[in-house]
Amino acid sequence: MPEAIWITFAFGLGLLVKLVGLPPLVGYLAAGFVLSGIAEATGVVIEETDVLQHIAHLGVLLLLFTVGLKLKLRSIVSPEVIGGSLLHFGITCAVFTPGLYLLMDIEWSTAFMLAIALSFSSTVLAAKVLESKRELRAFHGRVAIGILIMQDLIALVVMSLAAGKTPSEWALIVFGLPLLRPLLFRLLDASGHDELLVLLGLLLALVVGGLGFEAVGLSSELGALVFGAMLANHPRSQELSKSLWSVKEVFLVGFFLQIGIGGLPDGDALLFAVIAGLVLPLKGILFFFLLLAFRLRARSGFLSALALTNYSEFGLIVASVALPEWLVPLAISVSLSFLVSAPINRFAHGLYERYAQGLSRFEGSKHHPDEQPLSLGDTRVLIMGMGRTGTAAYDWLCDDQPKLMGLDSDPAKALQHQKEGRNVVFADAEDASFWNGLHMPAVQSVILAMGDIEGKLIAARMLRKLGFKGFIVAHTMYEDEAKQIREAGADEAYLTMSETGVALASHLIDKTPAKPSGQWANPSNRSGQNSPSVTPVQARRSGTRYRHHYAGAGKPAGRCPLSDRMMLRSRHLW
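First things first, this report covers the structure right here in the doc.

What counts, and where the lines are drawn
Residues numbered from 1 in each chain as written. Predicted model: local features only at pLDDT ≥ 70, side-chain atom pairs only at ≥ 80, totals over all residues. Heavy atoms only, no water. Phe/Tyr/Trp six-rings, centres within 6.5 Å; stacked < 30°, edge-to-face > 60°. Buried < 20%, exposed > 50% of the residue type's maximum accessible area, 1.4 Å probe, protein only. Helix = DSSP H or I, 4+ residues; strand = E, 2+ residues; numbered from the N terminus. Contact = heavy atoms within 4.5 Å. Polar contact = N/O pair within 3.5 Å; in protein donor to acceptor, adjacent residues only side chain to side chain. Salt bridge = Lys/Arg side-chain N within 4 Å of Asp/Glu carboxyl O. Pairing = 2+ DSSP bridges. Axes fitted to C-alpha atoms, helices over the stretch in contact; angles between N-to-C directions. Patch = residues over 30% accessible without salt bridge, like charges linked within 9 Å, V, L, I, M, F, W, Y side chains within 5 Å. Areas by Shrake-Rupley, 256 points an atom, 1.4 Å probe, with all protein chains shown as cover. Core = buried A, V, L, I, M, F, W, Y, C linked by side-chain atoms within 4.5 Å. Arc of directions from axis to C-beta. Expected span 1.5 Å × (residues − 1). Parallel < 35°, antiparallel > 145°, perpendicular 65-115°, else oblique. Left-handed = near helix turned anticlockwise from the far one by under 90°. Nonpolar A, V, L, I, M, F, W, Y, C, P; charged D, E, K, R; others polar.

Okay, the packing of aromatic side chains next. Tallying each qualifying case throughout the model produces seven aromatic pairs. Taking 5.2 Å as the distance between ring centres and 75 degrees as the angle between the ring planes, the aromatic pair formed by F288 and F289 counts as edge-to-face. Given a relative accessible area of 7%, F288 falls into the buried group. F289 gets classed as partly exposed once you look at its relative accessible area, which sits at 39%.

Moving on, we come to the environment of S243. Its location among the elements puts S243 in helix α12 (residues 237-243). When neighbours within four sequence positions are excluded, S243 is seen to be in contact with L197 and V198. Separated by 2.7 Å, the side chain of S243 and the backbone oxygen of L240 make a polar contact.

A word on the pattern of salt bridges. Scanning the entire structure with this criterion turns up eight salt bridges. Of the charged contacts in the structure, one is a salt bridge between D491 and R464, with a shortest N-O distance of 2.9 Å. Of this pair, D491 sits in the loop between α23 (479-488) and β6 (492-495) while R464 sits in helix α22 (residues 453-465), and the two are 27 residues apart along the sequence. Judged by relative accessible area, which is 25%, R464 ranks as partly exposed. Several salt bridges share partner residues, and in doing so they unite D395, E420 and R422 into one network.

Taken in spatial order, the six strands of this open sheet run β3-β2-β1-β4-β5-β6, and their pairing is parallel. Every other strand in the sheet has two partners, leaving β3 (424-426) and β6 as the edge strands with one partner each. With direction set aside, neighbouring strand axes in the sheet form an average angle of 20 degrees. The pairing of strand β1 (residues 381-384) with strand β4 (residues 445-448) spans four bridges and is parallel.

In this section: the environment of E195. Structurally, E195 is set in helix α10 (residues 195-215). When its relative accessible area of 56% is taken as the criterion, E195 is described as exposed. Between the C-alpha atom of E195 and that of S243, which follows or precedes it by 48 residues, the distance is 8.6 Å.

Here we take up a nonpolar patch on the surface. A surface patch of nonpolar side chains, amounting to about 450 Å² of accessible area, comprises F11, L15, L19 and V20. With respect to the secondary-structure elements, V20 resides in the loop between α1 (2-19) and α2 (24-42). Note on V20: relative accessible area 59%, which makes it exposed.

What follows is about the nonpolar core. Grouped together as the largest cluster of nonpolar side chains are 120 residues, with contacts concentrated most on F65, I145, F255 and F256. Among the elements that line this core, the one with the most residues is helix α3 (residues 50-69), at 11 residues. One finds M405, L438, I458 and A460 within the second-largest nonpolar core, a separate group that totals 29 residues.

Attention shifts here to helix α19 (residues 388-397). Turning to α19, its buried residues number three or more, namely G390, T391, A393, Y394 and L397. Viewed end-on, α19 has its buried residues packed into an arc of 160 degrees, placing them on one side of the element.

A few words on α3. With 20 residues, α3 should cover 28 Å at 1.5 Å per step; its first-to-last C-alpha distance of 29 Å lies within 8% of that length. Within α3, 14 of the 20 residues are buried, leaving the element largely enclosed by the surrounding structure.

Contact geometry for α3 and helix α13 (residues 245-261): axes closest at 7 Å, N-to-C directions at 125 degrees. Compared by their axis directions, α3 and α13 come out oblique. Relative to α13, α3 is oriented so that their crossing is left-handed. Of the residues in α13, those in contact with L52, Q53, I55, A56, L58, G59, V60, L62, L63 and T66 of α3 are V247, K248, F251, L252, G254, F255, Q258 and I261. Tallied by class, residues from the contact of α3 with α13 come to 12 nonpolar, five polar and one charged.

Note that every value here comes from positions in space, so none of it alone points to a role or purpose.
Structure (structure tokens):
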């Protein structure tokens, strides 16, 4: 049963690399090569089967569908995406073609097709890395994904020309797909929250998008991406994405295993892979300077370029059509680029923070309009990250604190908050250039509500580095992360699920009758006088409304001042 061997090696090596701080996908790649080595050394037949190929393909389709769910098409149609992708493709082909011709002693046509294959970056790896860090909607994430989509479209054109095939006349139906959006929205609304929601996602990604696009001569990957993008504006699109998460992750393991399990390379293939690996940094450097030319800041250009510094599985698809004899060397090149790119992207923010001063010198005087503001004016309370947690904090504080501002790295989300009346602006709190030029003279308290631990650590460190003396509070899912956040400079870091329990209890306290009786009666109240609806201890624990006392002092009814209330919560957390 080959599936048992795949699962065992994938889990074992995935766990091993995770323990040393690398993404598990590096372990999955290594598992494929280890299995190939075992087969070569022992003669045991360990090879990819149709099952593994099918699982890998389904994983790619589901990944691209979930990427589409997070896309805003208007953010793709931009100069830095279209111009950056086309210029990079042209320059790469112009440089790599003569280089491969001279170094590898091959024909010009072969060198040109290899240069095209090496010009693409991996949609699967970049999307998975950005998704794991919750940066698909960040500015640099949207730029990287937009460029990848442009590259995928170029690859589809190249494959069609190389194979001598063109899409059928039925492919024109694709231009009428936006008319189906109301129907898709109704289906999503009617699917509920359980298994029907998962089945709808599988239906759209694999059947309608995948098989449907293949039936008219188009790429199934493009179909999955398009149908995901059609649902991106639905309020439940992220719920659909989360419901498919575990299925997609398991199938993607097959994709990474498939790359390495195909067999060990010979000497010529290794030579080609070494050459491709040596020039890989040039690919990232070219992306960096091209994006700076389109007025991106150094950080956005660096993070986008780093996500794109790898070779693509689409290059393998192009090779399977146009250069089948070069499939193994390209597969080794792609695998090596994954082994380099995956761990480096894991520490991308820390790398930029270390080299920010040198990289920022290459910025132009004018910046992209989507780059963040530098002055917070008279803002007293700053909320970084306006997802569900940040929005809830904002709405709860807004009655007491008019000088309130939220920051979010997704401009579409910031715009939606503005339409709903909140003072939210686009800004990436993890950007070193943002902190270097930040002016925040009136800020007293900061709430770190970003989704990823790395962003919270950077924000806490930078706030203290700038001399901020106010109160910093954050939330996280895990105790070890809470300790890291406090060590980085935050006053408190609460566990999300624990705080949910505190909030539920506070609602119960709010509903306590004004005149307690039965088990809720105050045994010390024997005079028949009315008791306060919430005792001082209950008020301290509630974290919401302090109707009579707080911190043992006789305060009037209502909410306590913000800074006192936040400090109070830090002292009396359950």
